[in-house]
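# Secondary and tertiary structure notes
Chain by chain, the residues:
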Amino acid sequence: MRFSEVCVINGCDDHLSHAVQTRSARATVGFHEKPIRPIPIDDLTDILVAAIDGRMPRETVAVVGAEQLLLSKAVRRVASVLGRRVVVVPWPVWAQFALAQVTEWTMKVPLVAKAQVRMLAEGVTDVAPPAASVPDDLRPRRMFTAERIRESLPEAGGFGWKDLRVSR
């Protein structure tokens, strides 16, 4: 099984929660946000298990989350669950690429990667053809709800010195 276009917000709550706890301001990718379709890891795991079990051998399948929303809305949901206020400001794509380059150079797990910026700038709701849909019983149905976010939150804390490549 190959994935031609997968938009996985794997650990989205994790990464966003640390970002929201670090600073109360978040930036959009571009002045006109494109929608995303986050996929809870449980939904992706179901699809991967089905592929391993031979239900979709040698297939390219389209996998998108059940809910379409803007990244700013996802950020606000995570912040709400954390009891934090967050301000989302428009930011040009070129500035996000610059930030991504700096964080890729300096952080063990970058705050944002250039590939993420590219995906978010282009929008990640439509699949690239030719890709069949996953079988109906495997189609992602879990929503990016406060309850699901709360269940998957990591230990509280923002990004800090320990996240930099120069730390031990």
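Since we're looking at a predicted model, the values are computed, not measured. Just so you know, the residues in each chain are numbered from 1, in the order the chain's sequence is written. Predicted model: local features are reported for residues with pLDDT of at least 70 only, side-chain atom pairs are reported and counted for 80 or more only, and whole-chain, interface and lining totals are derived from all residues. The basis for every side-chain value is the complete set of heavy atoms in the structure, and neither hydrogens nor water enter the calculation.

## Remarks on the overall build of the protein chain
Note the threshold: Secondary structure counts use DSSP, requiring at least four H or I residues in a row for a helix and at least two E residues in a row for a strand, with both numbered from the N terminus. Buried means the residue's accessible area, taken with a 1.4 Å probe over protein chains only, is under 20% of the maximum for its type, while exposed means over 50%, and partly exposed covers the values in between.
Secondary structure assignment for the protein chain yields six helices and seven strands. When its helices and strands are written in sequence order, the protein chain yields β-α-β-β-α-β-β-α-β-α-α-β-α. Counting the 168 residues in the protein chain, one finds 38% classified as buried.

## A short note on the nonpolar core
Inclusion rule: Only buried residues count toward a nonpolar core, which is a set of Ala, Val, Leu, Ile, Met, Phe, Trp, Tyr and Cys residues joined through side-chain atoms within 4.5 Å.
Among the nonpolar cores identified, the biggest contains 19 residues, and Ile36, Val75 and Phe144 are the most heavily contacted of them. The element contributing the most residues to this core is helix 3 (residues 71-82), with six residues.

## Considering helix 3
In plain terms, the rule: Take the number of residues in a helix, subtract one, and multiply by 1.5 Å to get its expected span.
The end-to-end C-alpha distance of helix 3, which contains twelve residues, comes to 17 Å, matching closely the 16 Å that a straight helix rising 1.5 Å per residue would cover. For helix 3, the set of buried residues is Leu71, Ser72, Ala74, Val75, Val78, Ala79 and Val81.

## Quick look at the side chain of Thr28
Stated formally: It only takes one pair of heavy atoms within 4.5 Å for two residues to be counted as in contact.
With respect to the element layout, Thr28 can be found in the loop between strand 2 (25-27) and strand 3 (35-36). If sequence neighbours within four positions are ignored, Thr28 has contacts with Glu33, Val88, Val89, Pro90, Trp91 and Gln96.

## A look at the pairing of strand 4 (residues 60-63)
In plain terms, the rule: The rule for pairing is simple: two strands pair if DSSP sees at least two bridges between them.
Where burial is concerned, the two faces of strand 4 agree: the one with Thr60 and Ala62 and the one with Val61 and Val63 are both buried. By the bridge criterion, two bridges tie strand 4 to strand 7 (residues 132-133) in an arrangement that is parallel. Across the sheet, Ala62 pairs through a bridge with Ser133, a residue of strand 7.

## With respect to the side chain of Ser72
For clarity, the cut-off: Any N or O atom pair separated by 3.5 Å or less is treated as a polar contact, with the protein-specific requirement of one donor-capable and one acceptor-capable atom, and with residues adjacent in sequence counted only for side-chain atom pairs.
Residue position: Ser72 is located in helix 3. The exposure class of Ser72 is buried, given its relative accessible area of 8%. At a separation of 2.7 Å, a polar atom in the side chain of Ser72 contacts the side chain of Glu33. Residue contacts for Ser72: discarding those within four places in its chain leaves Glu33 and Val88.

## Comments concerning the environment of Val93
Structurally, Val93 can be placed in helix 4 (residues 93-106). Linking Val93 and Ala121, residues 28 residues apart in sequence, is a C-alpha distance of 6.8 Å. Discounting chain neighbours no more than four positions away, the residues touching Val93 are Val29, Gly30, Val117 and Ala121.

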